[in-house]
Amino acid sequence: MDNKNNQWRKDFPILDQVVNDEQLVYLDNAATTQKPQQIIDDIMAFYQNDNANVHRGVHTLAERSTEQFEEARSKIQQFINAKHSDEIIYTKGTTDSLNIIARSYGEQNIQAGDEIVISYLEHHSNLIPWQQLALKKHATLKYIDLDEDGFVDLNDAKKKITDKTKIVSIAHVSNVLGVINPIKQLAKLAHQHGAVMVVDGAQSVPYMPVDVQDLDCDFLAFSGHKMLGPTGLGILYGKEDLLNSMPPVDYGGEMISFVHLFDTTWNDLPWKFEAGTPNIAGAIALGHAVDYLNSIGMDKILDYENQLVDYVLPKLQAIDDLIIYGPRDPQKHTSVISFNLKGLHPHDLATGLDMEGVAVRAGHHCAQPLMEYLGIKATARASFYFYNTKEDADTLVNSIVATKEFFQNGTI
Ligand code: 7TS
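Residues numbered from 1 in each chain as written. Predicted model: local features only at pLDDT ≥ 70, side-chain atom pairs only at ≥ 80, totals over all residues. Heavy atoms only, no water.

A. Inspection of the nonpolar core at higher detail. Counting residues in hydrophobic clusters, the biggest one holds 103 residues, and the most contacted among them are Ile80, Met197, Leu220, Leu316, Phe339, Phe386 and Leu396. Considering every element that reaches this core, the biggest residue donor is helix 9 (residues 280-296), with 11 residues. Here this core gathers at least three residues from each of two domains, domain 1 (3-31 + 297-409) and domain 2 (41-295). Ignoring sequence-local partners within four residues, the contact set of Leu316 consists of Leu322, Ile324, Ile337, Leu396, Val397 and Ile400. Core analysis: the second largest hydrophobic core is formed by 27 residues, Ile101, Val196, Leu242 and Leu243 among them. (Core = buried A, V, L, I, M, F, W, Y, C linked by side-chain atoms within 4.5 Å. Buried < 20%, exposed > 50% of the residue type's maximum accessible area, 1.4 Å probe, protein only. Helix = DSSP H or I, 4+ residues; strand = E, 2+ residues; numbered from the N terminus. Domains from an automatic or database assignment. Contact = heavy atoms within 4.5 Å.)

B. A look at the domain arrangement of the chain. Domain assignment breaks the chain into domain 1 (3-31 + 297-409) and domain 2 (41-295). In this complex, domain 1 contributes 36 residues to the contact, which on the side of domain 2 involves 33 residues. Across the domain 1 to domain 2 interface the summed buried area is about 2,800 Å²; carbon plus sulfur atoms make up 60%. The interface formed by domain 1 and domain 2 includes 1 salt bridge. Counting across the interface, domain 1 meets domain 2 through 17 residue pairs in polar contact (both at pLDDT 80 or more). (Buried area = accessible area lost by both parts, 1.4 Å probe. Salt bridge = Lys/Arg side-chain N within 4 Å of Asp/Glu carboxyl O. Polar contact = N/O pair within 3.5 Å; in protein donor to acceptor, adjacent residues only side chain to side chain.)

C. Representation of the pattern of salt bridges in the model. The tally for this structure, following the rule as stated, stands at 17 salt bridges. Two residues, Lys75 and Asp291, come together in a salt bridge whose shortest N-O distance is 2.8 Å. Here Lys75 is found in helix 2 (residues 60-79), whereas its partner Asp291 is found in helix 9, with 216 residues between them in sequence. Using a relative accessible area of 32% as the deciding quantity, one classes Asp291 as partly exposed. A single network of salt bridges, built from pairs that share partners, joins Glu70, Arg73 and Glu274.

D. Quick look at the environment of Asp11. Topologically, Asp11 is positioned in the segment before strand 1 (18-19). The class of Asp11 is buried, set by a relative accessible area of 12%. Taking the C-alpha atoms as reference, Asp11 lies 25 Å from Ile235; in sequence the two are 224 residues apart. Setting aside chain neighbours within four positions, we find Asp11 in contact with Lys35, Pro36, Gln37, Gln38 and Tyr292. Separated by 2.7 Å, the side chains of Asp11 and Tyr292 make a polar contact.

Below, the structure is given as structure tokens:
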């Protein structure tokens with residue numbers, strides 16, 4: 001698990017650079033992952049050889065680009081084990097996908113007095129759409145408590161999810177606490193009460209095998225850029241019968257069947273939800289990203305990252321004055337690790353780490369209600385991917401110690 005023996009690292013040219021006179025150690029993968037050279041080449045090749053708008057022309061380039069665009073959809077369908085490829089909607093990202101669910105399914109199904117249930121650890125993308133929907137419809141927004149490790153608490157979920165609940169929406173993996181939430185049980189609970197289960201998969205789909213049929217979730221949202229693909233392209237998965245029953249939210253080209261002067265009929269799935277020219281190169285590149293991830297195997301990626309956590313978490317726990325959030329047990333912690341050094345603002349800590357070449361994120365991580373729940377303002381956060389190594393972990397640990405000494409003594 002050192003840099004030389006990591007067979008994937010060489011595919012990521014961006015990692016091979018010096019910042020602030022130090023070798024870059026990129027540990028901000030929960031924000032966005034780096035892209036392998038193969039994907040960068042594929043995007044260039046598309047624009048060099050095949051670029052044309054999809055579904056519009058009978059000419060050869062249009063056929064080529066449409067074929068690749070739809071082939072990528074099938075790859076993504078298989079990747080999350082969806083039953084049908086028309087259950088895969090291209091969106092701009094997780095945020096866009098969640099907003100579409102709220103504006104389409106939510107607007108159609110939520111009435112005054114209904115309940116929407118989320119949790120305290122949600123990213124703003126899985127909070128504000130529900131909060132605003134509840135405000136607009138005079139519905140009630142309820143928050144499930146977290147247990148002492150930071151997991152969404154199933155006992156509290158049993159109290160909060162009632163027959164009034166229409167939507168339950170929970171992050172599969174937290175972008176702050178590094179916990180994997182019990183989605184399967186939550187989906188069962190939601191269904192027992194006649195509610196739909198929405199899963200924010202932004203941090204889980206890149207990191208572990210995700211099977212929508214096994215989870216029995218009704219919707220899943222995720223982003224291509226957190227799983228080796230380009231920015232601006234994400235996925236909304238929904239069960240076919242639900243998507244068929246939902247109105248489109250954006251109007252324009254592609255999403256129509258017939259337009260008359262005073263009314264319009266909608267296109268079939270998935271295009272009903274894909275108004276306008278989509279991010280064609282992005283979708284095709286995400287298909288290639290899925291190929292790349294499959295060539296490693298999602299089980300292997302999960303296993304590799306678990307080994308990294310086993311290695312780094314005890315070392316971080318051994319640093320005096322370093323507070324680590326989420327489970328103490330490495331077996332329960334994903335490779336998203338948030339921490340604070342006592343007496344130091346996380347931005348100062350992240351700046352100190354940047355001086356050592358280590359890229360981490362600091363801030364509220366778009367989870368202000370979670371920060372409030374934890375009684376803090378912000379944290380620093382290191383997040384690993386399969387191209388990170390034990391050497392990267394050692395550099396992180398040594399750099400935290402060096403930063404601590406610098407701020408305590410003015411010297412390293
Ligand atoms: N949900 C979770 C759990 C996330 O971690 C993020 C992005 C989103 C939703 C939104 O994804 P987007 O692709 O639509 O922006 N999280 C982070 C993060 O933790 N740092 O930067 C982005």
